[in-house]
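Chain by chain, the residues run as shown.
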Amino acid sequence: MKNIKSYIDEHKDRFLNELIELLKIPSISADSAYKNDVLRTAEIIKISLEKAGCDSVEICETEGYPIVYGEKIIDSNLPTVLVYGHYDVQPPDPMDLWDSPPFEPVIKKTDIHPEGAIFARGSCDDKGQMYMHVKALEFMTSTNQLPCNVKFMIEGEEEVGSKSLSGFVKKNQEKLKNDVILISDTGMIAKDVPSITTGLRGLSYVEVEVTGPNRDLHSGLYGGAVANPINILTKMIASLHDGNNHITIPGFYDKVENLSKEERAEMAKAPFSLEDYKKSLDIDAVYGEEGYTTNERNSIRPTLDVNGIWGGYTGEGAKTVIASKAYAKISMRLVPNQDWEEITQLFKSHFEGIAPKGVTVKVTPHHGGQGYVTPINSLGYKAAAKAYTDTFGKTPIPQRSGGSIPIVSLFEQELKSKTILMGFGLDSDAIHSPNEHFGIWNYLKGIETIPLFYKYFTEMSK
Ligand code: BES
Ligand code: MN
Ligand code: MN
């Protein structure tokens, strides 16, 4: 494509400043106190899509937060790329661990990002990565190089389970009709090791509540004589893994896809240093399911993790008390063929079944979604690989990720097209954590690579 590098060079300050403005708005979908900020962000996305050259952009109201939909149709005989992203962000807590306020973006240099990185909640997940697509569109329309049709669908509820989007997709199949779906909401191996995400894990997220006596009790007067819900809950949770760190829920592994020796050997070729991995996390050993490597444990194997646990007295000093209730939030990452609703049911009946007499257990499912795998011989993958090869000077490595974007499997089911996950983030970008950041180099590299995807996808479709 003509002039992409010079266009980026000429406009990069503006590209950065526009993203910084977007990052200043705390569009936290999980916290209703930020409702107006989330809504305001949708308006800004709408305006930016119009400025980037979309012919029509609408804010589609839903029962939850709106979906911003825009399109530019140049010729119905040409292929159509559907871009998906999200404008909502995770809550920033814990606030005291941020070196600078999460919604006051600053550019700082790091070892990995000597060119500088933007520190702010949502910089990588997903405002920064989503905005690369807006700027790539701006480049293509303003230089008359948009080779095909494009549709944008940017939602505001990804971080809370994309509830409204599933209905929207089911109701608008004609409107959303496309030949390939393009998403930048994942990562790559390293700046000098480009990779394309070929798999996502599914998810089942549940909350459990254990109730013992009808009120909090003196732990001296009653301790030892009645079930302590916190003791019981932790014992129950501990029993969910065996000595080899296999999950003990009956039926949990029944449908898990088993990779062949060859596939596992292929995976093991991706560059990875266990020493660097441990060092980056300040741990002296890794931990996980017996019989699998670290990269297998966090991508092709299902897991169960407690995300939060509470109950009883946690204030200053000591209080002798047996709490009436104990709670935990538990996530299970799932792999292809495991059905999230079925796994949720298995969890529920198992967890309720192992509760001893003297307590009652309630399991409340939150949200979930199926995993996803995509082949590397599809047109979309080949076009993406060619685009990366141009801009990185290397063939990208296909890599399955451990994270989840549950809506992707629904896209394939309802819209019958493949999703290409062109992520430009790094694991060290600290998404969902304090000090989330996105490298300026990565941001601009994304803007440079995306138009080439359009070009090659259109050419290959002929
Ligand atoms: N963008 C992430 C998912 C992701 C990140 C996938 C990096 C692969 C690599 C997304 O915003 C996210 O956080 N998803 C949630 C699930 C959702 C239902 C809350 C997740 O994976 O925990
Ligand atoms: Mn995301
Ligand atoms: Mn996220």
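Every value quoted in this text rests on a predicted model; they were computed, and no experiment measured them.

Conventions adopted
- Residues numbered from 1 in each chain as written.
- Chains lettered and ligands numbered in written order.
- Predicted model: local features only at pLDDT ≥ 70, side-chain atom pairs only at ≥ 80, totals over all residues.
- Heavy atoms only, no water.
- Donors = N, O, S within 2.8 Å, 3.2 Å for Na, K, Ca; no water.
- Helix = DSSP H or I, 4+ residues; strand = E, 2+ residues; numbered from the N terminus.
- Buried < 20%, exposed > 50% of the residue type's maximum accessible area, 1.4 Å probe, protein only.
- Near = heavy atom within 4 Å.
- Polar contact = N/O pair within 3.5 Å; in protein donor to acceptor, adjacent residues only side chain to side chain.
- Areas by Shrake-Rupley, 256 points an atom, 1.4 Å probe, with all protein chains shown as cover.
- Domains from an automatic or database assignment.
- Pairing = 2+ DSSP bridges.
- Axes fitted to C-alpha atoms, helices over the stretch in contact; angles between N-to-C directions.
- Contact = heavy atoms within 4.5 Å.

A. The coordination of the manganese ion (ligand 3), seen in detail. Taken together, Asp125 (OD), Glu159 (OE), Glu159 (OE) and His432 (NE2) make up the full set of protein donors to the manganese ion (ligand 3), lying 2.1 to 2.5 Å away. When the donor residues of the manganese ion (ligand 3) are listed from N- to C-terminus, their spacing reads D-x33-E-x272-H. The distance between the manganese ion (ligand 3) and the manganese ion (ligand 2) is 3.6 Å, with Asp125 acting as a donor to both metals. Taken together, the positions of Asp125 in the loop between strand 5 (117-119) and helix 3 (127-142) and Glu159 in the loop between strand 6 (149-155) and helix 4 (163-171) put the pair 34 residues apart, joining distant regions of the chain. The two residues Asp125 and Glu159 agree in class, both being buried.

B. Focus on the site of ligand 1. Lining the immediate environment of ligand 1, one finds 17 residues, of which Glu158, Asp185, Arg333, Ser404 and His432 sit closest. Asp125 places a polar side-chain atom, nitrogen or oxygen, 3.1 Å from an oxygen atom of ligand 1. In this structure, Asp185 approaches ligand 1 through a side-chain N or O atom, which is 2.8 Å from a nitrogen atom. Protein coverage of the free-state accessible area of ligand 1, which is 520 Å², stands at 88%. Lining the shell around ligand 1 are residues from two domains, each supplying at least three of them: domain 1 (4-200 + 371-460) and domain 2 (202-256 + 302-369).

C. Region of interest: the sheet that holds strand 13 (residues 325-334). Pairing is antiparallel in the open sheet, where 4 strands are placed in the order 11-13-9-14. Each edge of the open sheet carries a strand with a single partner, namely strand 11 (303-311) and strand 14 (360-369). The average undirected angle you get between the axes of adjacent strands in this sheet is 20°. In the sheet, strand 9 (residues 202-211) pairs with strand 14 via 9 bridges, with the strands oriented antiparallel. If you follow Leu203 over to strand 14, its bridge partner there is Gly369. In this fold helix 5 (residues 229-238) packs onto strand 9, strand 11, strand 13 and strand 14, with an angle of close to 15° to the strand it touches most, strand 13. Packed onto the sheet, helix 9 (residues 340-353) meets strand 9, strand 11, strand 13 and strand 14 and runs at close to 165° relative to strand 14.

Read these as spatial facts, not as claims about activity.
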